[in-house]
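Structural overview
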Amino acid sequence: MNQTTSTAQAPGDRVGPGGLDPSLLIACPTCDALQLDRPVPAGARARCHRCGTILMAPREGAMTRIVMLAATALVLMVAAVFFPFLELSAGGMVRRSSLLDAVLAFSSGLLLPLTFAVAALIIVLPVLRLASILYALAPMALGWHRARHGVAAFRLAEALRPWAMAEIFIVGVAVALVKVAGLARLGIGPAFWTFAALVLVTVLNDTYMCRLTVWKTLEERRRP
Amino acid sequence: MTSAQGNDGAQVLTARQAGLVGCHSCGRVHPMGTPRCSRCGAALHSRMPGSLQKVWAWLFAGIVVYVPANIYPMLLTTSFGATTENTIMGGAVELMHHGSYGVALIVFVASVLIPVGKFLAIGYLALVVDPGSRLGGRLRQGQDLHRRQRLFEVVEFIGRWSMIDVFVVAILSALVQLDFAATINPGIAAVSFSLSVAFTMLAALSFDPRLIWDAEQDLH
Ligand SMILES: [Zn+2]
Ligand SMILES: [Zn+2]
């Protein structure tokens, strides 16, 4: 990428025993190695000197961008849920399915719990995660103090990260389309493209987000 | 990148050795014994308590429910009155017969290769970082630690993708409801397969990666 990414080693300084002021240090979450917590310039990356995990990768104007992307993703999500998602026609019959239909597919008998799980994984948890990111970061993007429960909200967003599976669902849709291709004629509804855009926006959002920078900003913007 | 490779180990000081505790979520350092992180509010533990026991418990649960996921049907296809049942493997084989090799491969990788590979990888990591197990002492060089770390990152990243097959079943069941001509319904294996994916994700989440690096002490 650009030259700044390889040169910055800010927190990579080893720490000897002595001079251990916890507030000047950072412990790698992956390997527990202590290093000096030096400021990292925007666009640069700081890696742990022991295990190589990226500790910080701040970007210019990242807060604003993350907030805008999260807001876009939320709007797209609402559209994706209610517009027709896919359309299948065979022998004069047409069946339109929305995202909700896919969720409700398991609603019979023993499979009912799976309905809740699928609804959670592809709709509820992604929405909840986007909303908590918005709640935690929007005040900071505007330069305000952090929201009252901003820390808890961002912690929730972090905990939800592995469980929000919208992008996996979209690949599942692609596989399903190939499976029924021989059976009937398929049309892709507007919601499909909305949802695909949503996945793209979410992935972009995650690459812009430097967790440690967010935590530090939340700490700095504490209410007086 | 380059600074990460200077792995002579001897000069590394961990938070635990310094009598401090590092936050697993935001990296902030606190004196040992502090209950909660002052920056992000996470509970502070020098090492996650009972990490390996939890890993083994979730892993075992994941393997147990993976068995019925492969025996029972995942998809019930009714076409002109006749119902065929497809297991996970059966579905992949059928796709291959239709000539969709690419998709058959995706299904096979997502629902067989990844889950089984994940069981093995998590089991291997849990064995190898356990100082009480015989495998624990087999660390030859610092490079092994990076290899184990990479394995853990792959497991963590890839595990959720196994969920593809469940989503495919949901979409097919919602879409293919053409009364007489063809209907597709989900089979009971979809439930046990989702549980298996969730349990192995929990196993990976319970694993404290700092345990991997604690083995470095054995090198000296
Ligand atoms: Zn590290
Ligand atoms: Zn913290």
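A brief structural summary. (Residues numbered from 1 in each chain as written. Chains lettered and ligands numbered in written order. Predicted model: local features only at pLDDT ≥ 70, side-chain atom pairs only at ≥ 80, totals over all residues. Heavy atoms only, no water.)

Further remarks concern the overall build of chain A. Each helix and strand in chain A was counted, giving eight helices and seven strands. The buried share among the 224 residues of chain A stands at 53%. For chain A, contacts bridging at least 24 residues in sequence account for 63% of all contacts bridging at least 6. When the accessible surface of chain A is summed, it comes to about 10100 Å², and 65% of that surface belongs to carbon and sulfur atoms. (Helix = DSSP H or I, 4+ residues; strand = E, 2+ residues; numbered from the N terminus. Buried < 20%, exposed > 50% of the residue type's maximum accessible area, 1.4 Å probe, protein only. Contact = heavy atoms within 4.5 Å. Areas by Shrake-Rupley, 256 points an atom, 1.4 Å probe, with all protein chains shown as cover.)

Under the counting rule described, the total for this entry stands at six aromatic pairs over all chains. Ring geometry for A:F154 against A:W215: centres 4.9 Å apart, planes inclined by 75°, an arrangement best described as edge-to-face. With A:F154 in helix 5 (residues 150–160) and A:W215 in helix 8 (residues 211–220), this pair connects stretches of sequence that are 61 residues apart. On the basis of an interplanar angle of 45° and a centroid distance of 5.1 Å, the ring pair of B:F152 and B:F207 is categorised as tilted. Residue B:F152 is located in helix 5 (residues 142–158), and its partner B:F207 is located in the loop between helix 7 (189–206) and helix 8 (210–214); the two are separated by 55 residues in the primary sequence. (Phe/Tyr/Trp six-rings, centres within 6.5 Å; stacked < 30°, edge-to-face > 60°.)

Contacts between chain B and chain A engage 71 residues on the former and 65 residues on the latter. Its largest share of buried area at the contact with chain A, chain B owes to B:R39, B:F167 and B:L175, together 13% of the area lost on that side. The interface formed by chain B and chain A contains three salt bridges. Here A:E219 makes a salt bridge to B:R39, at a shortest N to O gap of 3.0 Å. For the pair chain B and chain A, the number of links is 14 residue pairs in polar contact (both at pLDDT 80 or more). Among the elements that line the side of chain B that touches chain A, the one with the most residues is helix 6 (residues 164–175) of chain B, at 11 residues. In the side of chain B that touches chain A, the residues fall into 42 nonpolar, 19 polar and 10 charged. (Buried area = accessible area lost by both parts, 1.4 Å probe. Salt bridge = Lys/Arg side-chain N within 4 Å of Asp/Glu carboxyl O. Polar contact = N/O pair within 3.5 Å; in protein donor to acceptor, adjacent residues only side chain to side chain. Nonpolar A, V, L, I, M, F, W, Y, C, P; charged D, E, K, R; others polar.)

With that settled, the discussion passes to the coordination of the zinc ion (ligand 2). Residue and element names in this part refer to chain B. Within the first shell, the zinc ion (ligand 2) binds the protein through C23 (SG), C26 (SG), C37 (SG) and C40 (SG), at distances of 2.2 to 2.3 Å. Coordination at the zinc ion (ligand 2) comes from four donor atoms whose angles at the metal span 102 to 117°, giving a geometry best classed as tetrahedral. Counting the intervening residues between successive donors of the zinc ion (ligand 2) yields the motif C-x2-C-x10-C-x2-C. In this pair, C23 is assigned in the loop between strand 1 (20–22) and strand 2 (29–31) and C37 in the loop between strand 2 and helix 2 (51–71), connecting sequence segments 14 residues apart. Given a relative accessible area of 1%, C23 falls into the buried group. (Donors = N, O, S within 2.8 Å, 3.2 Å for Na, K, Ca; no water. Tetrahedral: all angles 85-135°; square planar, octahedral: opposite > 155°, others 65-115°.)

Angles at a metal have ideal values that depend on geometry: 109.5 degrees with four tetrahedral donors, 90 or 180 degrees with six octahedral donors. All names here are of chain A. The coordination sphere of the zinc ion (ligand 1), as far as protein atoms go, consists of C28 (SG), C31 (SG), C48 (SG) and C51 (SG), spread over 2.2 to 2.3 Å. Between the four donor atoms coordinating the zinc ion (ligand 1), the angles at the centre fall across 104 to 114°, so the site counts as tetrahedral. Look at where the donors of the zinc ion (ligand 1) fall in the sequence and you get C-x2-C-x16-C-x2-C.

This brings us to the sheet that holds strand 7 (residues 185–188) of chain A. Residues and elements named next belong to chain A. Here we have three strands laid out as an open sheet, ordered 6-5-7, and antiparallel in their pairing. Strand pairing shows two members of the sheet lacking a second neighbour, strand 6 (93–98) and strand 7, which therefore form its edges. Neighbour-to-neighbour, the strand axes of this sheet turn through a mean angle of 20°, independent of strand direction. With four bridges connecting them, strand 5 (residues 84–90) and strand 7 associate as antiparallel partners. Across the sheet, the residue bridging to L88 is L186, located in strand 7. The strands touched by helix 7 (residues 190–208) within the sheet are strand 5 and strand 7, with strand 5 carrying the most contacts at an inclination of about 140°. (Pairing = 2+ DSSP bridges. Axes fitted to C-alpha atoms, helices over the stretch in contact; angles between N-to-C directions.)

Keep in mind these values describe shape, not function.
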